[in-house]
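Below, each chain spelled out in residue letters.
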Amino acid sequence: MSRKPLLEVENLRIDLSVGDAKFPAVQDVSFTIERGETFGLVGESGCGKSITSLALIGLLRHPLSIGGGTIRFDGKEIQNLSQSEMRKLRGNRISMIFQEPMTALNPLSPIGRQIAEMFVLHKGVSWTEANRLAVEALASVRVPAPERRVKDYPHQLSGGMRQRVMIAIALACEPDLLLADEPTTALDVTVQAEILDLIRELSAARGTAVLMISHDLGLIANMCRRVGVMYAGRLVEERIADEVFRNPSHPYTSGLVASLPLLGARSKHGRQRLKEIAGVVPPVAAFPAGCRFNPRCYAATELCRVEDPGVTPLANGGLVRCHHHE
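Since this is a predicted model, take the numbers as computed values, not measurements.

### Notes on the sheet that holds strand 4 (residues 64–73)
At step 1: The strand order across the open sheet built from 4 strands is 2-1-4-5, with neighbouring strands paired in antiparallel fashion. One side of each edge strand has no neighbouring strand; the edge strands of this open sheet are strand 2 (21–33) and strand 5 (76–77).
At step 2: Across 8 bridges, the pairing between strand 1 (residues 7–18) and strand 4 is antiparallel. When the sheet's bridge partners are listed, Ile14 is paired in strand 4 with Ile66.
At step 3: Strand contacts of helix 1 (residues 49–56): strand 1, strand 2 and strand 4, with the helix running at about 110° to strand 1, the strand carrying the most contacts.

If you want it as structure tokens, here you go:
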């Protein structure tokens, strides 16, 4: 008998309130993540990736709210938990690496204390023991001289070191699920590779499931077994990562893949001109009728402009939301 997925998201809707009106910022989003699996969520800025992750961990705030659907973690529905119940999960069994560590970390508190708090709150240990565990946590994410670094404040660390501290906090209580929202933003290429290797190694060692959120397709291809592609608040394609990048089914996914630079490609002028998707992601209050991608789609027909495409299972596995995916 196969085990149920660790995380099951079904028909999730996130509403944006503007006065008396509500608009679906995220709608009909469904996916699962197995234990120990790394699942990628990609798309342009404004497609709903980050607010989806915030909904999973109970951090949505007005004017955003969950408007429908189910979030099931380890077999239990968690979308309607009270704040006190959610706090028992958050940081303990579900943790998050936020997009910008300088704003996520408390600038007025030493990093050692910020890590130690996790052990005090969720493991019930003394501050003395928590401080010792904080040093071990920094060592586990390869921060040099952790005994000295625990006394540093966030502004005294480089961007790469701050990101390592965020990972140490997120993994302090050995969570079952790690949400990584753009974990390598603003880091140089060498540090990016180190951070990704660190997440991969710690996940493999602890069996942690990972939701990796990024607009960087190369990062997702390198890290994830399966990929979900989001556009204008909807999941438009979800497949095995190799299939997504080798043979995309949705025109939006095709556009994202085509925009990637090719190693060694040059034009007659010696430069490589990157392809782009015309237009921009529409604002939440102005999603078009029919398929939400139709104003930017090279394959759009009248059907696309008037009828919302449903989700279609693909013959080789996965799902796509497109009238003309074949």
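### Comments concerning the side chain of His250
At step 1: Among the secondary structure elements, His250 is positioned in the loop between helix 10 (241–246) and helix 11 (251–258).
At step 2: Relative accessible area serves as the criterion here: at 1%, His250 is assigned to the buried category.
At step 3: Here the side chain of His250 touches Tyr252 through a polar contact of 3.0 Å, landing on its backbone nitrogen.

### Structural notes on the packing of aromatic side chains
At step 1: Counted by the stated rule, this structure contains 4 aromatic pairs.
At step 2: Where Phe31 meets Phe39, the ring centres are 5.2 Å apart and the plane angle is 5°; that geometry is what we call stacked. No difference in accessibility class separates Phe31 from Phe39, as the two residues are buried.
At step 3: Pairing Tyr252 with Phe293 gives two aromatic rings, centres 5.3 Å apart and planes at 65°, and the pair type is edge-to-face.

Scoring rules and cut-offs
Residues numbered from 1 in each chain as written. Predicted model: local features only at pLDDT ≥ 70, side-chain atom pairs only at ≥ 80, totals over all residues. Heavy atoms only, no water. Pairing = 2+ DSSP bridges. Helix = DSSP H or I, 4+ residues; strand = E, 2+ residues; numbered from the N terminus. Contact = heavy atoms within 4.5 Å. Axes fitted to C-alpha atoms, helices over the stretch in contact; angles between N-to-C directions. Buried < 20%, exposed > 50% of the residue type's maximum accessible area, 1.4 Å probe, protein only. Polar contact = N/O pair within 3.5 Å; in protein donor to acceptor, adjacent residues only side chain to side chain. Phe/Tyr/Trp six-rings, centres within 6.5 Å; stacked < 30°, edge-to-face > 60°.

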